[in-house]
Amino acid sequence: NNYLKILIPIHIAPNNLSFQTIYFNNVIKALKKKIDVKIFWVTYMPNKFESKKEKDSEILDIHDFKNALEIIEKIKPNIVFAYTGGPQGQIHYSLSLASKRCNVPVVSLMTVDRLIDVKRFKYLKSNISRFFESSIPTITNENKKIFFGKGRFFIYKTLFMINTLRVLKKNYVFILNDLFNLIKAFSSTIHSLNAEYSNTLHVLDNEGMVKPLIKAGFDEKSLVVTGNPLYDKKLKKIKEVSHIERNGIPQILLITSPVVEHGTWTKQERDEAVKGMVKQFLEHSNEMNLKIKIHPSHENLSEYEKIVNEENSSIIIYREGDILDFLNQCDAVIIYDSETTASISALIARKPIVICNFQNSKKDRFLEKGLAIECTNPKKIIDAIKKSILIGIDENRIQGFVKKELFKDDGMSSERVANAILKLIHK
C-alpha cells in the first residue's frame with residue numbers, strides 16, 4: 001500500500017473537539033494534500049471505546065491489547081505520535097518505547113507547557129483526592145459514575161506500561177525506576193525536560209524552546225520549529241472577526257479551564273470563584289451580560305450548572321462549539337490563567353482579557369507582558385472588566401507575543417509540521 005500509516009494515541013473520542021483532535025486533524029489535512037494517509041487512532045479511556053473502520057482512518061481501543069508492542073506489531077505504522085513526558089504518560093511512553101524497538105520513528109508535539117507552579121503539597125493533595133473520584137469528564141456520558149474511576153484507570157494504565165516494559169525485556173531495576181518517577185510526578189506540576197525520553201522528531205511551538213531542549217540534552221537535529229497548528233484557522237480567520245461597535249450592554253465571556261482536573265485549584269476554590277462572579281453579574285445585570293464556555297472534554301457541565309442554579313441565575317453555560325464563534329460575539333473575556341489554548345485564542349481575537357488570580361499564585365505571563373487585567377477578588381470582577389474595556393488592547397504587544405510564542409502568524413504551522421514529517425520518512 002502506497003500510503004502513510006500514522007498511529008495516534010488519544011484519551012478522548014477522536015470526533016470530540018479538543019486540543020489534540022484539532023491539532024492532529026489540521027496536520028492530517030496538510031499531509032493529505034501531499035500524500036495518501038491512513039490514521040490509526042488508539043483510544044485509551046476508562047471504558048472500552050467502539051472500534052470503527054473508515055476509508056482512511058481506523059479507531060482501535062487500548063483494552064483490546066495487552067501491551068504497546070502488540071499494537072505496533074499489528075498496525076505496523078510508518079509514524080507514531082507520542083509525548084516525551086516519560087512514565088507519567090504511561091500509554092504514550094509505552095508506545096514510544098515499543099516503536100523505538102521496532103525502528104518506527106516517533107514524533108512529539110512539544111507545546112509551550114509552563115504549568116503553573118503549584119505548591120507541592122497542594123498538588124499532591126489534589127491528585128490524591130482526584131484519584132478517588134468516580135466521574136471522569138472525558139467519558140462521553142459525563143453523568144455516568146464509575147466507582148473509584150480515576151484511580152482504577154490510573155492503575156490500568158500503569159499495568160499496561162509494566163506489561164510493555166516486561167515484553168520489551170526491561171529489567172526490574174529499570175521498571176522500578178520508572179514506577180518511582182511516575183509516583184514522583186504525582187507531587188509536582190513542574191516536569192523537567194528529560195532527554196532520556198526524547199523521540200525521533202520534536203515539533204516546537206516557537207524558537208524560544210530550542211535552547212532549553214538542547215541544554216537538556218536533546219539532539220538539535222531532532223528539533224523543528226513549526227508554530228502550533230492549533231491556531232492556524234484562528235490566525236487566518238481572525239482577520240475576518242468583526243469588531244463592530246455593539247449597541248446595548250457589553251457581552252462578557254467566561255472561558256473556564258480544567259484547573260480542578262489538573263490539580264492547580266481545588267474544587268472548592270473553583271466553585272467559590274464562579275459563584276462569586278455569578279453573584280456580581282446578577283447584581284449588575286443591567287450593566288453587562290455573562291455567558292460561560294467550559295472546556296469541551298475535560299470539565300463537567302453538571303458541576304457548573306449546579307453553581308449557577310444555586311444562585312437562581314439564567315446565565316447560559318456552553319460546552320460545545322467553536323471558541324472563535326463565542327469570541328466573535330463578546331466584548332471582553334474572563335479566564336482563569338493564560339496557559340490555555342482558549343486564552344491565546346482570545347488574545348489573537350484582540351479581546352480585552354481579565355485574569356482571575358484569586359489564589360494570588362505566581363505571576364501570569366499575560367499580566368507580566370501587560371496583555372491582561374488582573375482581578376484578585378470575585379467581588380471586584382465588574383470593575384476589572386470595565387477597566388479592561390476602557391484600556392482596550394495594545395496591538396504592538398499582541399503582535400510581539402504572537403511572534404515570540406507562536407513563531408509566525410501566517411496560519412501555516414500545519415504545513416510546516418507536515419513537511420517535517422515527510423522529510424523524516426524520506427530520509
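Everything here concerns the structure above.
One structure accompanies this document, and this report is about it. Just so we're clear, the structure is a prediction, and the values are computed from it rather than from any experiment.

Here is what the cut-offs are and how they apply
Numbers given for residues are sequential positions, taken from 1 along each chain in its written order. In view of the model being predicted, local features appear only for residues whose pLDDT reaches at least 70, and side-chain atom pairs are presented and counted only at 80 or more, with totals across whole chains, interfaces and linings using the full set of residues. Excluded from the side-chain calculations are hydrogens and water; all other atoms, namely the structure's heavy atoms, are used. Strands here mean DSSP runs of E at least two residues long; helices mean DSSP runs of H or I at least four residues long; both are numbered from the N terminus. Burial classes follow relative accessibility: with a 1.4 Å probe on protein chains only, a residue under 20% of its type's maximum area counts as buried, one over 50% as exposed, and anything between as partly exposed. We get accessible surface area from the Shrake-Rupley algorithm with a probe of 1.4 Å; when it comes to residues, only the shown protein chains can shield them. Centres within 6.5 Å make a pair out of two Phe, Tyr or Trp rings, where for Trp the six-membered ring is used; the pair is then stacked when the planes are under 30 degrees apart, edge-to-face when over 60, and tilted otherwise. Both a distance and an angle decide whether a charge sits over a ring: NZ of Lys or CZ of Arg must be within 6 Å of the ring centre and within 35 degrees of the ring normal. When two cysteine sulfur atoms lie within 2.5 Å, the pair is treated as a disulfide. Between any two strands, at least two bridges found by DSSP are needed for them to pair. The criterion used for residue contact is that any of the two residues' heavy atoms lie within 4.5 Å. By salt bridge we mean one thing: a side-chain nitrogen of Lys or Arg within 4 Å of a carboxyl oxygen of Asp or Glu.

A count of helices and strands for the protein gives 16 helices and 14 strands. The buried share of the protein, reckoned over its 427 residues, is 54%. Split by element, the accessible area of the protein, about 20,600 Å² in all, is 53% carbon and sulfur.

Positive phi, normally seen in glycine, also occurs at Asn 103, with a value near 60 degrees. Within the chain, Phe 407 stands out as a residue other than glycine whose phi angle is a positive 70 degrees. Examined against the element boundaries, Phe 407 turns out to sit in the loop between helix H15 (395-406) and helix H16 (413-425). Take Phe 407: its relative accessible area is 16%, and that puts it in the buried class.

For the coordinates displayed, the defined rule picks out nine aromatic pairs. With 4.8 Å between their ring centres and 65 degrees between their planes, Phe 24 and Phe 81 make a pair best called edge-to-face. Here Phe 24, found in helix H1 (residues 19-32), pairs with Phe 81, found in strand E5 (residues 79-81); they are 57 residues apart in sequence, far enough to count as distant. By relative accessible area, Phe 24 is classed as buried at 4%. A cation over a ring is seen here: Arg 270 above Tyr 304, with NZ or CZ 4.9 Å from the ring centre.

To continue, consider the state of the cysteines. The final tally for this structure, using the stated rule, is zero disulfides. The thiol of Cys 356 is not disulfide-bonded; the next cysteine sulfur, from Cys 375, is found 6.4 Å away. Judged by its relative accessible area of 2%, Cys 356 is buried.

This part takes up the sheet that holds strand E9 (residues 251-255). Ordered by their spatial adjacency, six strands build an open sheet running E11-E10-E9-E12-E13-E14, and the pairing between neighbours is parallel. A strand with exactly one partner marks an edge of an open sheet, and here the two such strands are strand E11 (317-318) and strand E14 (373-375). Here E9 runs beside strand E12 (residues 332-335); their pairing, made up of four bridges, is parallel. Looking at E12, one finds that Leu 253 is bridged to Val 333.

What follows is about the environment of Lys 363. In this fold, Lys 363 is placed in the loop between strand E13 (353-356) and helix H13 (365-368). On the accessibility criterion, Lys 363 (48% relative accessible area) is partly exposed. Along the chain, Lys 363 and Asp 337 lie 26 residues apart, while their C-alpha atoms are 9.7 Å from each other. Excluding its chain neighbours within four sequence positions, the residues that come into contact with Lys 363 are Glu 368 and Glu 374.

So, about the pattern of salt bridges. Tallied over the entire structure, the rule returns 16 salt bridges. Here Lys 386 and Glu 287 are joined by a salt bridge, their closest N and O atoms 2.6 Å apart. With Lys 386 in helix H14 (residues 381-391) and Glu 287 in the loop between helix H9 (267-283) and strand E10 (289-293), this residue pair connects regions lying 99 residues apart in the sequence. What makes Glu 287 partly exposed here is its relative accessible area of 27%. Residue Glu 310 is joined to Lys 306 by a salt bridge in which the shortest nitrogen-to-oxygen separation is 3.7 Å. With Glu 310 and Lys 306 both in helix H10 (residues 301-310) and four residues apart, this pair spans about one turn of that helix. Note on Lys 306: relative accessible area 56%, which makes it exposed. Look at the salt bridges and you will find they share partners, linking Lys 267, Arg 270, Asp 271 and Glu 303 into a network.

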